[in-house]
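Survey of secondary and tertiary structure
One-letter residues, chain by chain:
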Amino acid sequence: MAQKQDVLRLPAERLYEEELEALKEADKEAKPAGWQLSPKSVLTFITGGQAGATTITPKYIGNKRLVEMAIATLLTDRALLLIGEPGTAKSWLSENLTAAIHGDSSKVIQGTAGTSEEHVRYSWNYAMLLAQGPSDQALIRSPIFRAMECGGIARFEEISRCASEVQDALISILSEKTIAIPELNREAAAERGFSIIATANTRDRGVNEMSAALKRRFNIVVLPAPSSLETEIDIVRRRVGEISSNYELKAAQPDDDTIRKVVTIFRELRSGTTLEGKEKVKPPTGVISTAEAISLLTGSMALAGSFGDGRISDEDVAAGLQGAIVKDEEKDRIAWKEYLENVMKKRGASWRSLYGACTEMNR
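Quick summary incoming for the structure in this document. (Residues numbered from 1 in each chain as written. Predicted model: local features only at pLDDT ≥ 70, side-chain atom pairs only at ≥ 80, totals over all residues. Heavy atoms only, no water.)

Side note on the overall build of the protein chain
- Scanning the protein chain for helices and strands turns up 16 helices and 11 strands.
- For 363 residues, the compact-globule formula gives about 21 Å, and the C-alpha radius of gyration of the protein chain, at 23 Å, lands near that figure.
- With respect to the principal axes defined by its C-alpha atoms, the protein chain has extents near 75 × 50 × 40 Å.
- Put simply, the protein chain has 363 residues, and 48% of those count as buried.
- Contacts spanning at least 24 positions in sequence make up 70% of the contacts within the protein chain whose residues lie at least 6 apart.
- Accessible surface for the protein chain amounts to roughly 17400 Å². Of this, 50% is attributable to carbon and sulfur atoms.
- Each charge sign in the protein chain was given a centre, from 47 positive and 51 negative side chains, and these centres are 4 Å apart. (Helix = DSSP H or I, 4+ residues; strand = E, 2+ residues; numbered from the N terminus. Rg over C-alpha atoms; globule rule 2.2 N^0.38 Å. Buried < 20%, exposed > 50% of the residue type's maximum accessible area, 1.4 Å probe, protein only. Contact = heavy atoms within 4.5 Å. Areas by Shrake-Rupley, 256 points an atom, 1.4 Å probe, with all protein chains shown as cover. Lys, Arg positive; Asp, Glu negative; His and termini not counted. Charge placed at Lys NZ, Arg CZ, Asp CG, Glu CD.)

This is the structure we're talking about:
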């Protein structure tokens, strides 16, 4: 197995391996069938706390009750659907819940327009199929199929990106907890503990609406955008620290003032008004999410470490803001320029340097 430092992105069960081991050792509560931790320990893993002498870092910062509802759903025979705006940590929560409960978050289907029913059920090794006919050896099991066999959790990302007939292939699986294999004249039944966590983006409404029949098979938890400026700053600070450490960027972490400015800009552009509510702001056409803010700041660190003195400058931040906000060259450039002139320019000396760098980038 590759060492941690050799892997660009570790799955949650390896990234937080020490925390999970500490929780297992300290966990004295009853564990549901197929779970490696009790529900309370899963909650501690997600929201933070202590396991003996080990500090458990929070993986999701938000309404604790929403996490409790998600965990409670997975204790039943219902699947879980996490819905929210881009950047509300749907995939991150899905991965960490799966890592805490089963220690394997790798059984994933990424929903796209090209996802087929075979990705949901099974396909065949056609060379073996032609040589010896249908057999277990020729069967290629989907991530959902494999999760059913071991009583694990499969993750279905961006489910509304899939065609309706692909989504509806889930209905019988979620209802009957079996996959029929007529070619082998048998059915594969799910082991106890099996479930599915799906995610859906509210920006994708109208792309491929989920049928009422499919929605009934899920318990739905809506994840809101960070409720306050301070909460979003905390999320960004934590995630930038984790990601930049993994990338080994040769730059200092962004200071609190830089993070606050970036988050303020994003919240105002996202909401269409300044934080004080005194002035309307024209939103850009693209997604201005917390995830984008995290990406912007890690990118600024890469710039500072590779081409600067290792400290994030306003020019580094301005370059990131330009790329994050101006997705449509015509419309977004105008919206961004209006924000610079009508909001940022009026914020005084502490914003002057960033305003100048952003203005220079937007010419």
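Still more to cover.
Concerning the sheet that holds strand β3 (residues 79-84)
- Taken together, 5 strands build an open sheet; the order of strands is β4-β7-β10-β3-β11 and the sheet is parallel. Only two strands of the sheet have a single partner each, and these edge strands are β4 (108-110) and β11 (218-223). In this sheet, neighbouring strand axes are inclined to one another by 15° on average, regardless of whether the strands run parallel or antiparallel.
- Sheet topology note: the β3/β11 ladder contains 6 bridges and is parallel. Of the residues in β11, the one forming a bridge with leucine 80 is asparagine 219.
- Contacts between helix α5 (residues 90-102) and the sheet are confined to β3, β7 (153-157), β10 (195-201) and β11, with β7 contributing the most and set at about 170° to the helix. (Pairing = 2+ DSSP bridges. Axes fitted to C-alpha atoms, helices over the stretch in contact; angles between N-to-C directions.)

Describing the pattern of salt bridges
- Scanning all chains against the criterion turns up 25 salt bridges.
- A salt bridge links arginine 239 to glutamate 242, with the nearest nitrogen and oxygen atoms 2.6 Å apart. Highlighted residues: arginine 239 and glutamate 242, both in helix α11 (residues 229-247), separated by 3 residues, approximately one helical turn.
- The shortest N-O distance in the salt bridge between arginine 347 and glutamate 276 comes to 4.0 Å. With arginine 347 in the loop between α15 (331-342) and α16 (349-361) and glutamate 276 in the loop between α12 (256-271) and α13 (290-307), the pair connects residues that are 71 residues apart, well separated along the chain. (Salt bridge = Lys/Arg side-chain N within 4 Å of Asp/Glu carboxyl O.)

Topic: the packing of α15 against α16
- Running from amino to carboxyl end, α15 crosses α16 at an angle of 155°, the nearest separation of the two axes being 10 Å. As the angle between them shows, α15 and α16 are arranged roughly antiparallel. Helix-helix and strand crossings are classified by hand; for α15 and α16 the assignment is left-handed. Within the contact between the two elements, α15 uses Arg333, Trp336, Leu340 and Glu341 and α16 uses Tyr355, Cys358, Thr359 and Met361.
- A breakdown of the residues in the contact of α15 with α16 according to their chemical character gives 5 nonpolar, 1 polar and 2 charged. (Parallel < 35°, antiparallel > 145°, perpendicular 65-115°, else oblique. Left-handed = near helix turned anticlockwise from the far one by under 90°. Nonpolar A, V, L, I, M, F, W, Y, C, P; charged D, E, K, R; others polar.)

Digging into the side chain of serine 244
- Within the element layout of this structure, serine 244 appears in helix α11.
- Assessed through its relative accessible area of 4%, serine 244 is described here as buried.
- Of note is the side chain of serine 244, whose polar atom sits 3.3 Å from the backbone oxygen of glycine 241.
- A polar contact is formed between the side chain of serine 244 and the side chain of glutamine 253, at a distance of 2.8 Å. (Polar contact = N/O pair within 3.5 Å; in protein donor to acceptor, adjacent residues only side chain to side chain.)

Looking at the packing of aromatic side chains
- The tally for this structure, following the rule as stated, stands at 4 aromatic pairs.
- Arranged with centres 5.9 Å apart and planes meeting at 80°, the rings of tyrosine 16 and phenylalanine 45 form a pair that is edge-to-face. Pair noted here: tyrosine 16 is in the loop between α1 (12-15) and α2 (17-26) and phenylalanine 45 is in helix α3 (residues 39-47), with a separation of 29 residues, a long-range link. Of the two residues, tyrosine 16 and phenylalanine 45, neither departs from the other in class, the shared state being buried. (Phe/Tyr/Trp six-rings, centres within 6.5 Å; stacked < 30°, edge-to-face > 60°.)

Some points on unusual backbone geometry
- With phi around 50°, glutamate 158 is a residue other than glycine that occupies positive phi space.
- With respect to the element layout, glutamate 158 can be found in the loop between β7 and α9 (164-176).
- Although it is not a glycine, lysine 177 adopts a positive phi angle of roughly 55°.
- Residue position: lysine 177 is located in the loop between α9 and β8 (178-181).

A few points about the packing of α12 against helix α14 (residues 314-325)
- Running from amino to carboxyl end, α12 crosses α14 at an angle of 20°, the nearest separation of the two axes being 12 Å. Considering the angle they form, α12 stands roughly parallel to α14. Between α12 and α14 the crossing geometry is right-handed. For the pair α12 and α14, the contacting residues are Thr258, Val262, Ile265, Phe266 and Leu269 in the first and Val317, Leu321, Ala324 and Ile325 in the second.

Some remarks on the pairing of β8
- Note that β8 and strand β9 (residues 186-189) share 4 bridges and pair antiparallel. Within β9, the residue paired with alanine 180 across the bridge is glutamate 187.
- Adjacent in sequence and paired antiparallel, β8 and β9 are bridged by 4 residues, among which asparagine 185 carries a positive phi angle near 55°.

Topic: α3
- Listed in full, the buried residues belonging to α3 are Ser41, Val42, Leu43, Phe45 and Ile46.
- The elements touched by buried residues of α3 are α2, β2 (54-56), α4 (64-74) and α5.
- Just downstream of α3 lies glycine 48, where phi reads positive at about 95°.

All we've got here are geometric facts, nothing functional implied.
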